[in-house]
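# Chain and residue survey
Chain residues, written in single-letter form:
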Amino acid sequence: MRRRRSVSLMVGGGLVVAWSALAPLASAAPPVTAGDPTRGRDLYATGCSSCHGPDAAGTDRGPSLLGVGAASVDFWLSSGRMPYRGSGNEQAVRKPPAYNPQQIADLVAYLTAVDPSGPAVPELDVEGADLVEGGELFRANCAACHGAVAIGGALASGRRAPPLRPATDRQIAEAIRTGPGQMPNFGPDTFTDEQVAAVVKYVRSLHQPDDKGGLGLGHAGPIPEGFVGWLAGLGLLLVAAWWIGERE
């Protein structure tokens with residue numbers, strides 16, 4: 001009986017080890033290849049043409065996609081803002097993408113084959129970018145809407161500048177170049193590729209701050225953190241006053 005139990009445990013343990021080794025391989029996403037315009041055309045016909053038109057020239061339900069550029073298509077699809085689920089006046093918000101990375105690449109390839117104009121997907125050297133310059137550019141051009149620490153902020157007409165922490169480096173660069181929604185676009189005449197990379201690097205640093213000690217408090221910026229400090233200080237003063245009063 002003990003021998004059978006030992007054999008069962010050995011076999012079970014072996015299966016667990018084997019599954020642990022094979023599971024990452026089974027769940028790993030297939031590599032994304034260059035976009036295929038033919039596959040992209042089929043995806044567009046079934047998922048996009050009803051709003052943007054069979055020729056991507058737009059309809060009364062959706063704008064034209066001609067000339068928007070690969071960067072704009074990739075941004076809206078990869079951030080899940082398209083397909084649009086709102087009523088028409090609502091701001092498009094980030095959500096899980098409806099298409100996988102390969103399908104997005106195929107749709108980008110198709111739409112850029114229809115009209116190759118517009119900003120391309122940025123290819124930037126973020127690692128070699130100037131972090132200090134990125135901070136200066138962000139504070140001068142982005143912080144007024146997205147907040148000093150990129151957690152977003154309110155705009156006019158009930159709209160909001162979204163937080164940048166969920167965005168990838170590529171999406172941030174694409175937004176800079178294309179200006180989605182109410183955001184202005186910053187073309188090469190305004191920001192060089194090196195400056196875009198610097199802004200992306202700075203925003204990335206806000207995602208992973210090098211805290212030297214204490215609580216990060218969500219890294220919401222100096223005003224909320226100062227408010228928490230005041231509350232904590234007043235709370236300690238009240239406790240001290242109560243303690244002194246009880247002793248007398």
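Residues numbered from 1 in each chain as written. Predicted model: local features only at pLDDT ≥ 70, side-chain atom pairs only at ≥ 80, totals over all residues. Heavy atoms only, no water.

## Concerning the overall build of the chain
Looking only at helices and strands, the chain features ten helices and two strands. Secondary structure elements in the chain, listed N-terminal to C-terminal, are α-α-α-α-α-α-α-β-β-α-α-α. Out of the 248 residues in the chain, the part that is buried amounts to 31%. Within the chain, contacts between residues separated by at least 24 positions form 60% of all contacts whose residues are at least 6 apart in sequence. For the chain, the computed accessible surface area is about 15900 Å², with 61% contributed by carbon and sulfur atoms. (Helix = DSSP H or I, 4+ residues; strand = E, 2+ residues; numbered from the N terminus. Buried < 20%, exposed > 50% of the residue type's maximum accessible area, 1.4 Å probe, protein only. Contact = heavy atoms within 4.5 Å. Areas by Shrake-Rupley, 256 points an atom, 1.4 Å probe, with all protein chains shown as cover.)

## So, helix H8 (residues 169–178)
Counting buried positions over the ten residues of H8 gives eight, a clear majority of the element. All of the buried residues in H8 are Gln171, Ile172, Ala173, Glu174, Ala175, Ile176, Arg177 and Thr178. Buried residues in H8 make contact with helix H4 (70–78) and helix H9 (193–207). Positive phi shows up at Gly179, right after H8, with a value of about 65°.

## Quick word on the confidence of the model for the chain
The predicted model of the chain averages 83 in pLDDT, with 78% of residues at 70 or higher. Confidence drops under pLDDT 50 across residues 1–27; counting only partners more than four residues distant or on other chains, this segment forms zero contacts. (pLDDT = per-residue confidence, 0-100.)

## A closer look at the pattern of salt bridges
Inspection of the entire model under this criterion finds eight salt bridges. The salt bridge partner of Glu174 is Arg170, with a shortest N-O separation of 3.4 Å. With Glu174 and Arg170 both in helix H8, this residue pair falls four residues apart, about one helical turn. Its relative accessible area of 0% is what places Glu174 among the buried residues. Here the residues in one salt-bridge network are Asp36, Arg39 and Asp106, joined through shared partners. (Salt bridge = Lys/Arg side-chain N within 4 Å of Asp/Glu carboxyl O.)

## Points about the packing of aromatic side chains
A full pass over the atoms with the stated rule returns four aromatic pairs. When the ring of Phe186 is compared with that of Phe191, the centres are 4.9 Å apart and the planes differ by 10°; the resulting orientation is stacked. Exposure class is identical for Phe186 and Phe191. Each is buried. (Phe/Tyr/Trp six-rings, centres within 6.5 Å; stacked < 30°, edge-to-face > 60°.)

## Observations concerning the nonpolar core
In this structure, Phe138, Ile176, Phe191 and Val199 are the most contacted members of the largest nonpolar core, which totals 19 residues. Only helix H6 (131–141), H8 and H9 provide two or more residues apiece to this core. Among the elements that take part in this core, H9 stands out by supplying six residues, more than any other. For Val199, the contacting residues outside a window of four places in its chain are Gly134, Leu137, Phe138, Ile176 and Phe191. Membership of the second largest hydrophobic core comes to 14 residues, among which are Cys48, Ala56, Ile104 and Leu107. (Core = buried A, V, L, I, M, F, W, Y, C linked by side-chain atoms within 4.5 Å.)

## Details of the environment of Gly153
Residue position: Gly153 is located in strand E1 (residues 153–154). Sequence separation of Gly153 and Pro163 is ten residues, and the distance between their C-alpha atoms is 7.7 Å. When sequence neighbours within four positions are dropped, the list of residues in contact with Gly153 reads Cys145, Arg160 and Ala161.

## Description of the environment of Thr190
Structurally, the position occupied by Thr190 is in the loop between H8 and H9. With relative accessibility at 46%, the residue Thr190 sits in the partly exposed group. For the pair formed by Thr190 and Arg177, sequence separation is 13 residues and the distance between their alpha carbons is 9.7 Å.

## Regarding the packing of H8 against H9
Direction vectors running N to C along H8 and H9 enclose 130°, while the axes themselves pass 10 Å from each other. Between H8 and H9, the angle falls in the class oblique. As for the relative orientation of H8 and H9, their crossing is right-handed in sense. The residues of H9 that touch H8, namely those facing Asp169, Ile172, Ala173, Ile176 and Arg177, are Asp193, Val196, Val199, Val200, Val203 and Arg204. A breakdown of the residues in the contact of H8 with H9 according to their chemical character gives seven nonpolar, no polar and four charged. (Axes fitted to C-alpha atoms, helices over the stretch in contact; angles between N-to-C directions. Parallel < 35°, antiparallel > 145°, perpendicular 65-115°, else oblique. Left-handed = near helix turned anticlockwise from the far one by under 90°. Nonpolar A, V, L, I, M, F, W, Y, C, P; charged D, E, K, R; others polar.)

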